Amino acid sequence: MIRYLIRRVLQGVFVLWAAYTLSFLILYLLPGDAATVAAAGGGDASSVDPALVVRLRHEYGLDEPLWLQYLHALGRALTGNFGDNVQTGQPALQAVVRVLPNTLELAAAALVLAIVIGFLVAIASTFPRAAWIRQLLAGLPPIGAAVPVFWIGLLLLQAFSFHLRWFPSLGDQGLRSLVLPAVTLSVPTGAYIAQLLARSLRLTLGRPYIEQVRAKGASEARVHFAHALRNAVLPTLTMVGVLVGNLLAGTVVTETVFSRTGVGRLVVQAVGDRDLPVVQVVVVFAAVAFVVSSLVVDLLYPFVDRRITLGRTAVAAA
Amino acid sequence: MSELLISETELVQPAGSEPDAAATAPRRGASARALAALRGAVRRPSLTLAVLAILLVLVWAVAPGLFTHWDPLVGDVSDRLQGPSVQHVFGTDNLGRDLWARVVYGAADSLASTALAVALALVVGSFFGLIAGFVRGWVDDAIMRVMDVVLAIPSVLLSLAIITALGFGTVNVAIAVGFASAASFARVMRSEVISISTALYVEAARASGVRWYTVLRRHVLPNSLGPVLALSALEFGTAVLAISSLSFLGFGAPPPAPEWGALISEGRNYLAIAWWLTTFPGLVIVAIVLAANRISHAVEKNGGTR
């Protein structure tokens, strides 16, 4: 158990290091120059004093060889210093951490909604006796997965805040402002859960042990909830790491549509300002979310499925 | 886009391949085949609809002038923000431009960047997957570890990082989406290559002294492409979504261009008074993605039975 944990944590650390390196390579190897942007100060890049650019480039260490830049940057990142926001001079990590609670609140609400919706739709698409109801409901998740998140958000805004005026159209104060963004964000994730769960429910319901339960005279509800669901949930559970990543990616669009403060909107602004440190912090943060959620799920696994004991499982999530 | 066309001909094939109809009536070959194709099309209406939808959008992209006489870039300001009517099927925008014309003309931009993204993901992903699966050993380990990390980071964030470095624009958005989705192609390609290169006929080829690059070109590559092509149909839908999201965020084509995501983003400012500006372009995107997913589903099934 302890050895398993150590191995998993080491794997996680590797993923984080690799995510940092990958984002460094993308952001600093590809053409583009943070010094010019900083010198322009948000203004026109063509009217920049070349001497200032050279001085800033030296200050940022951009005139060093790339591998040296990388080692310096990695060393600083280990102490939590990912560099400063090129325009405000504020540390990038601080900027992300400050808006993080907002995003976590939204993501958590959306995750709960997505799980509820996903389970309801999946069960409803295998439970009823009438085949046409099952088929109709089984058609819902593919549609949910095909709809652009930003479009759902805009439609909800149109209907519920402009016409019905039930919810505020923007802002992040209070529970009422959380409803529409959370619903928006939960649609693709809910559709994903519903698809996974419905597929494994159908597979599980065809297994011999379910036949036996039915032969013993169990009701359809008992077959579903006491016998099939527990086994069918397992494949969905392994995908939680991916789901959390999806949610985080969804906040980028959702927070922009609803003008909420948060990591997603911050990264959109950072891309617009070519604010490399902030973008990098968010990418690394996404990797942290993936690693942590995968680890938590792996640790929870034995409690859901008693056949599995930690240490012998080779769940290669990382 | 050529993959899609190939998949379409493949899809129509099973309908046309009713052997007895064609064999017993060789003189009526063409009409019999057409009849059989029709029968197959009727038997799978959702697939037929999906193929038709994709074809329609392809024609939009090639010859938009056939579908509308309105100019997508110039409008009559006195016609601004009019709801859907017989004259303007999708309504008009804040400058009086016909929204239907803008959607139709936007197909070229949207489809071109989607095709570029998918092609890039296909080529880059398959290349690394091929090397990993064919060379094995530490090269395989190194490549696949990197791909695992790429998969661990949500593709939107990866795309955003690439856009930060490359700058804005339709092509850059397509490149970003393509690279961000290359990893799944690498995975599929690698497992396919591994199973093919351990097959008996490949071993036989090796044993009879065929050089490695000939084995790769003649045996491994052509036989492992199937599942990757099926994946690219699925990836087409995903790429349409990703590209429209990124251009909605404002990183794609600059304002006058009628790219679909950008259209919705423009409509965002008139949500309260002009519902059609966001609703219709969104519906078109949903239809395309659904159609692409339906086709990829069929391709996957066909590949499985062969």
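Each value, and the rule that gives it
Residues numbered from 1 in each chain as written. Chains lettered and ligands numbered in written order. Predicted model: local features only at pLDDT ≥ 70, side-chain atom pairs only at ≥ 80, totals over all residues. Helix = DSSP H or I, 4+ residues; strand = E, 2+ residues; numbered from the N terminus. Buried ≥ 20, exposed ≤ 12 C-beta atoms within 10 Å, placed from the backbone. Contact = placed C-beta atoms within 7 Å. Axes fitted to C-alpha atoms, helices over the stretch in contact; angles between N-to-C directions. Left-handed = near helix turned anticlockwise from the far one by under 90°. Nonpolar A, V, L, I, M, F, W, Y, C, P; charged D, E, K, R; others polar. Expected span 1.5 Å × (residues − 1). Bend = angle between axes of the 7 residues up to and from the residue. Core = buried A, V, L, I, M, F, W, Y, C linked by C-beta atoms within 7 Å. Parallel < 35°, antiparallel > 145°, perpendicular 65-115°, else oblique. pLDDT = per-residue confidence, 0-100.

Quick look at the overall build of chain B
Here comes step 1: From N to C terminus, chain B includes 13 helices and 0 strands.
Here comes step 2: Helices and strands in chain B line up, N terminus first, as α-α-α-α-α-α-α-α-α-α-α-α-α.
Here comes step 3: Residues classed as buried in chain B amount to 46% of the 306 residues present.

Brief notes about the overall build of chain A
Here comes step 1: Scanning chain A from terminus to terminus reveals 14 helices and 0 strands.
Here comes step 2: If you list the helices and strands of chain A from N to C, you get α-α-α-α-α-α-α-α-α-α-α-α-α-α.
Here comes step 3: In chain A, of all internal contacts separated by at least 6 residues, the share reaching a separation of at least 24 is 72%.

What about the packing of helix 9 (residues 182-197) of chain B against helix 11 (residues 212-248) of chain B?
Residue and element names in this part refer to chain B.
Here comes step 1: The interhelical angle for the contact between helix 9 and helix 11, taken along N-to-C directions, is 145°, at an axis separation of 9 Å. The chirality of how helix 9 crosses helix 11 is right-handed. Residue-level inspection shows S184, F185, V188, M189, E192, V193, I196 and S197 of helix 9 in contact with helix 11, the latter providing V220, N223, S224, P227, V228 and L231.
Here comes step 2: Tallied by class, the residues present in the contact of helix 9 with helix 11 amount to 9 nonpolar, 4 polar and 1 charged.

Comments concerning the interface of chain A and chain B
Here comes step 1: Residue-level contacts link 41 residues of chain A with 35 residues of chain B.
Here comes step 2: Elements with a contribution of two residues or more to the side of chain A that touches chain B: helix 1 (2-29), helix 7 (140-146), helix 8 (149-163), helix 12 (240-257), helix 13 (263-272) and helix 14 (276-304) of chain A.
Here comes step 3: With 8 residues, helix 8 of chain A is the largest single contributor of residues to the side of chain A that touches chain B.
Here comes step 4: Partitioning the side of chain A that touches chain B into residue classes produces 34 nonpolar, 6 polar and 1 charged.

A short note on helix 11 (residues 220-238) of chain A
All names here are of chain A.
Here comes step 1: With 19 residues, helix 11 should reach 27 Å at 1.5 Å per residue; the first-to-last C-alpha distance of 27 Å fits that figure.
Here comes step 2: At A228, helix 11 is deflected by roughly 55°, the largest bend along its length.
Here comes step 3: For helix 11, the set of buried residues is A228, A232 and T236.
Here comes step 4: Of the surrounding elements, those touching the buried residues of helix 11 are helix 9 (176-205) and helix 10 (208-215).

So, the nonpolar core
Here comes step 1: In this structure, A19(A), V267(A), V279(A), V282(A) and A287(A) are the most contacted members of the largest nonpolar core, which totals 166 residues.
Here comes step 2: Per-element accounting of this core gives the leading share, 18 residues, to helix 5 (residues 99-135) of chain B.

Some thoughts on the packing of helix 7 (residues 155-166) of chain B against helix 8 (residues 170-180) of chain B
Residues and elements named next belong to chain B.
Here comes step 1: Running from N to C, helix 7 and helix 8 cross one another at 140°; their axes reach a closest spacing of 8 Å. It follows from the interaxial angle that helix 7 and helix 8 lie oblique. Two packed elements cross with a definite hand, and for helix 7 against helix 8 that hand is right-handed. Where helix 7 approaches helix 8, its residues S155, L158, S159, I162, I163 and L166 are matched on the opposing element by N172, V173, I175, A176, V177, F179 and A180.
Here comes step 2: Of the residues assigned to the contact of helix 7 with helix 8, the class counts are 10 nonpolar, 3 polar and no charged.

Some details on the confidence of the model for chain B
All names here are of chain B.
Here comes step 1: The pLDDT averaged across chain B works out to 80; a share of 89% of its residues lies at or above 70.
Here comes step 2: The element-level mean pLDDT for chain B is lowest in helix 1 (residues 2-16), coming to 40, with helix 8 highest at 90.
Here comes step 3: pLDDT under 50 marks residues 1-26. Its contacts with residues more than four places away, or in other chains, come to 34 contacts.
Here comes step 4: Note on the complex model: pTM 0.82, ipTM 0.84.

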